[in-house]
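Inside the fold
Chain by chain, the residues:
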Amino acid sequence: MNGIPTVFWLVPIASIVALGMAWYFFSKMMQAEEGTQRMIEIAEHVRKGAMAYLKQQYKVVLYVFIVLAIVFAIMAYVLNVQNPWVPVAFLTGGFFSGLSGFFGMKTATYASARTANAAREGLNKGLRIAFRSGAVMGLVVVGLGLLDIALWFLILNYCYQGDNMALVTITTTMLTFGMGASTQALFARVGGGIYTKAADVGADLVGKVEANIPEDDPRNPATIADNVGDNVGDVAGMGADLYESYCGSILSTAALGATAFAMNGDMQLKAVIAPMIIAAVGIFLSLFGIFLVKTKEDATMRDLLHSLGLGTNVAAILIAGATFVILYLLGLDNWLGVSFSVISGLCAGVIIGQATEYYTSQSYKPTQKISEASQTGSATVIIKGIGTGMISTCVPVVTICVAIMLSYLFANGFDLSMSASSMSRGLYGIGIAAVGMLSTLGITLATDAYGPIADNAGGNAEMSELGEEVRHRTDALDALGNTTAATGKGFAIGSAALTALALLASYVEEIKIAMMRAASEGQQFLYTTGEIFNPNNASITDFMNFFQVNLMNPKVLVGAFIGAMAAFLFCGLTMGAVGRAAQSMVEEVRRQFHEIRGILEGKATPDYGRCVEISTRGAQREMIIPSVMAIVIPIIVGVVLGVAGVLGLLVGGLSAGFTLAVFMANAGGAWDNAKKMVEEGHFGGKGSACHKATIVGDTVGDPFKDTSGPSLNILIKLMSMVSIVMAGLTVACM
């Protein structure tokens, strides 16, 4: 292949290794015993429900993708305001994003009963099966992501060889498949989140509070739907979510590298492939970390957290050291400074993860204080949880701010001149910091996907009546999963902030390409003074001046307000959707308790299928408006307010969305673990007034942490991706 260095082939090789190891872990998991006949039956119910939901969701998403692909085709082939590769790239991005979620969910539905059965023998065996099954998700996401990137790079490099702007065109074109991934991820996250929380809230409010029966009790009609929801929301949705985060960080950094080093062809290529190679090496180091995870049989929560932390921290330390070697051998300009930019991103990820653990784990005071608040009722639990969530935003926000400044300054050699070259290289540093944060996603996502597998294992153990000791072990694994899931969400949100900032610069570059295309067809762009603006040799600063992107421009301010409003509107819509779907679930569970005699005595079988159907129908109906909103708002703002308005929109959405997402994820995680703490025997234990108060808090927190919060990081990136893809239309409307 013309001009591609040999080291690039490490990227497709690493992706194939990741997919091969995912298959290995899946095969080993499938060889484990699934347990008793009752355990197998329950797992089969969950598996069928999850697959049925996913099939329906993919049908809805397919219709949306067909419509959008037609729109992009018209823009590309009829109006000539779009790159002709965009419709195809958009579809492949969505396909691979959905595929990663499907594989992860398929693994999780087979792993939960096997984890519960392994817990009958010991805590360590249960942990290993659950964690390595979660690793399937992590490895599939990074494997498919890098494979898609490598294939597109090879294809486009072949098609554009000889073009003097080849790498700029290639990287900005590849960015558009990120929109496909983001669109699929948003539908998966929103739909899955609505499904799982409708079932969870219904099961908790009627089962545990009103009927006073345990969580995951087989007498509860909503319990199967609840376990199905863990898979479709926390596994399939999360996999699609982090797939687009991972790809978005690599692609935006590659695009920034093509711009920053445009005057040096050899260095430009190195800057483009550097984030891909760092991600490839991160796969091998993630695998090493995965094999380190194990624990002792009498492990406490701190011991379990240490076990998972050992694997993730060792992988992070190794990729930090490897980055210096990679960039040195690659011969990148200022390789030392760029390496420290990567370290900035890695350190930010670790700090955000530790802060999230502190505010959400029952091992620390914030969550313990929420449990204590249950002694005065559910209102104080909710007040304390909201306050804790708000306070918890400080560390992640300050950490991201410091990471942005350090990565920017390291990459441009601490040049404060704000020249075009200095700014471009600094922005490249911010992008590659996001790559650093996500470079060990193979193991980071494994710790996240582990959570719903452990949760389902606990449900299976409860419904199969495996005994107190087994349930105690699965409860320990489940509580660990709540903390790791919260940590994973914080990590994903942090990476989204860095990636979205890099996408801002990529948007300006896409505007430049669209203006050059329009200029070649005779369109002229004039300053307010009447002077002609030439986009060909213009820098980012020149574009900011031409479009008057400053705080005195009302278009920028209006766009910023709309962006901030979009984050709150999106949360309001998704919270309302969960509320409506949960209300239907509550009514159905109450109906069954009233009409099907003998359920509460264990003499009659609940109608599980009816509850699965309610969650499925509610999620399909409710996910459309919030998801379409994220696509429509940037298009309207671009047409009405132009480039200045779009940049304001993206800044407002990023700042409000990031802070709101951290608040919601941490508050929800803290409420959940406060409930777990009471269930372990504190403040009266299960069935007490304190327990019921924490259940109310957990119910409020469910859509916070599993629907609205984690969907926000997709929202802020999807709005950026839509803006990039629609740049040609925005320019055409000038």
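The preceding data block contains the structure.
The text that follows walks through the structure, step by step, so that each part is easy to find. Throughout, a residue's number is its position along its own chain's written sequence, starting from 1. Restriction of local features to residues with pLDDT of at least 70 applies here, the model being predicted, together with a cutoff of 80 or more for giving and counting side-chain atom pairs; totals for whole chains, interfaces and linings are based on all residues. The basis for the side-chain values is all heavy atoms of the structure; hydrogens and waters are excluded.

**Thoughts on the overall build of the protein chain**
The criterion, for reference: What counts as a helix is a DSSP run of H or I of at least four residues, what counts as a strand is a run of E of at least two, and both are numbered from the N terminus. In this description the radius of gyration comes from C-alpha coordinates, and the expected globular size is given by 2.2 Å times residues to the power 0.38. Summary of the burial criterion: residues with accessible area below 20% of their type's maximum are buried, those above 50% are exposed, and those between are partly exposed, where the area comes from a 1.4 Å probe applied to protein chains only. Between two residues, a contact is recorded if the distance between any of their heavy atoms is within 4.5 Å. Surface accessibility follows the Shrake-Rupley procedure with a 1.4 Å probe radius. Residue values consider only the protein chains on display as shielding. All tallies of charge rest on Lys and Arg as positive and Asp and Glu as negative; His and the ends of each chain are not included. By convention, charge coordinates are those of NZ in Lys, CZ in Arg, CG in Asp, or CD in Glu.
A count of helices and strands for the protein chain gives 22 helices and zero strands. The C-alpha atoms of the protein chain give 25 Å as radius of gyration, which agrees with the globular expectation for 734 residues (27 Å, within 12%). On the principal axes, the C-alpha backbone points of the protein chain span a range of 80 × 50 × 40 Å. Within the protein chain, the proportion of its 734 residues that are buried is 66%. Once local pairs closer than 6 in sequence are excluded, the contacts in the protein chain between residues at least 24 apart make up 83%. Here the protein chain has roughly 24,600 Å² of accessible surface; of this, 64% comes from carbon and sulfur atoms. Charged side chains of the protein chain number 44 positive and 52 negative; the gap between the two group centres comes to 3 Å.

**Looking at the pattern of salt bridges**
Quick reminder of the rule: Salt bridges are defined by distance alone: a side-chain nitrogen of Lys or Arg within 4 Å of a carboxyl oxygen of Asp or Glu.
Inspection of the entire model under this criterion finds 23 salt bridges. In this structure, Lys125 and Glu121 form a salt bridge, with 3.0 Å as the shortest nitrogen-oxygen distance. Overall, the relative accessible area of 40% leaves Lys125 in the partly exposed class. By relative accessible area, which is 55% here, Glu121 ends up exposed. A salt bridge links Asp672 to Lys676; its shortest N-O distance comes to 3.8 Å. Placement of both Asp672 and Lys676 in helix H20 (residues 624-679) is noted, with a separation of four residues, approximately one turn of the helix. Comparing Asp672 with Lys676, the two get one shared label, buried. Several salt bridges share partner residues, and in doing so they unite Lys197, Asp672, Lys675, Lys676, Asp698, Asp702, Lys705 and Asp706 into one network.

**A word on the packing of helix H5 (residues 166-175) against helix H7 (residues 223-260)**
Put simply, the test is: Simply put, an axis is a line fit to the C-alpha atoms, just over the touching stretch for a helix, and the angle between two N-to-C directions goes from 0 to 180 degrees. When an angle is under 35 degrees it counts as roughly parallel; over 145 it counts as roughly antiparallel; between 65 and 115 it counts as roughly perpendicular; any other value is oblique. Helix crossings fall into two classes, left-handed where the near helix is turned counterclockwise from the far one by less than a right angle and right-handed where it is turned clockwise. Basically, the charged four are Asp, Glu, Lys and Arg, the nonpolar ten are Ala, Val, Leu, Ile, Met, Phe, Trp, Tyr, Cys and Pro, and anything else, Gly included, counts as polar.
Look at H5 against H7: their axes get within 8 Å of each other, and the N-to-C directions meet at 160°. Considering their axes alone, H5 and H7 lie roughly antiparallel with respect to each other. When you trace H5 past H7, the crossing you get is left-handed. For the pair H5 and H7, contact is made by Leu167, Val168, Thr171, Met174 and Leu175 and by Leu251, Ser252, Ala254, Ala255 and Ala258, respectively. Here the contact of H5 with H7 is built from residues that sort into eight nonpolar, two polar and no charged.

**A word on the packing of aromatic side chains**
Keep this limit in mind: Geometry of aromatic contacts follows a simple scheme: Phe, Tyr and Trp rings, the Trp one being its six-membered ring, pair when their centres are within 6.5 Å, and the pair is stacked under 30 degrees between planes, edge-to-face over 60, tilted otherwise. Whether a charge lies above a ring is judged from NZ of Lys or CZ of Arg, which has to be within 6 Å of the ring centre and within 35 degrees of the ring normal.
Across all of its chains, the model carries 27 aromatic pairs by this definition. Here the aromatic cluster, defined as three or more aromatic residues joined through ring pairs, consists of Tyr527, Phe533, Phe543, Phe546 and Phe547. Sitting over the face of the ring of Tyr110, Arg47 holds its NZ or CZ atom 4.0 Å from the ring centroid.

**Notes on the side chain of Thr173**
Heads up, the condition is: Two N or O atoms form a polar contact when they lie within 3.5 Å of each other; inside protein one atom must be a possible hydrogen donor and the other a possible acceptor, and for residues adjacent in sequence the pair counts only when both atoms belong to side chains.
Mapped onto the elements of the fold, Thr173 is located in helix H5. Residue classification places Thr173 among the buried positions, given a relative accessible area of 2%. Within the structure, the side chain of Thr173 is placed 2.6 Å from the backbone oxygen of Thr169, a separation counted as a polar contact. Non-local contacts of Thr173, meaning those with residues more than four positions away in its chain, are made with Asn83, Trp85, Ala89 and Leu156.

**Some points on unusual backbone geometry**
Positive phi, normally seen in glycine, also occurs at Phe414, with a value near 55°. By secondary structure assignment, the location of Phe414 is in the loop between helix H13 (394-411) and helix H14 (420-438). Look at Phe414 and you get partly exposed, because its relative accessible area is 46%.

**Points about the environment of Ala76**
Looking at the element boundaries, Ala76 is found in helix H2 (residues 37-77). When the C-alpha atoms of Ala76 and Val86 are compared, they prove to be 7.7 Å apart, with 10 residues separating the residues in sequence. When near neighbours in sequence (up to four residues on either side) are disregarded, Ala76 contacts Gln82, Asn83 and Pro84.

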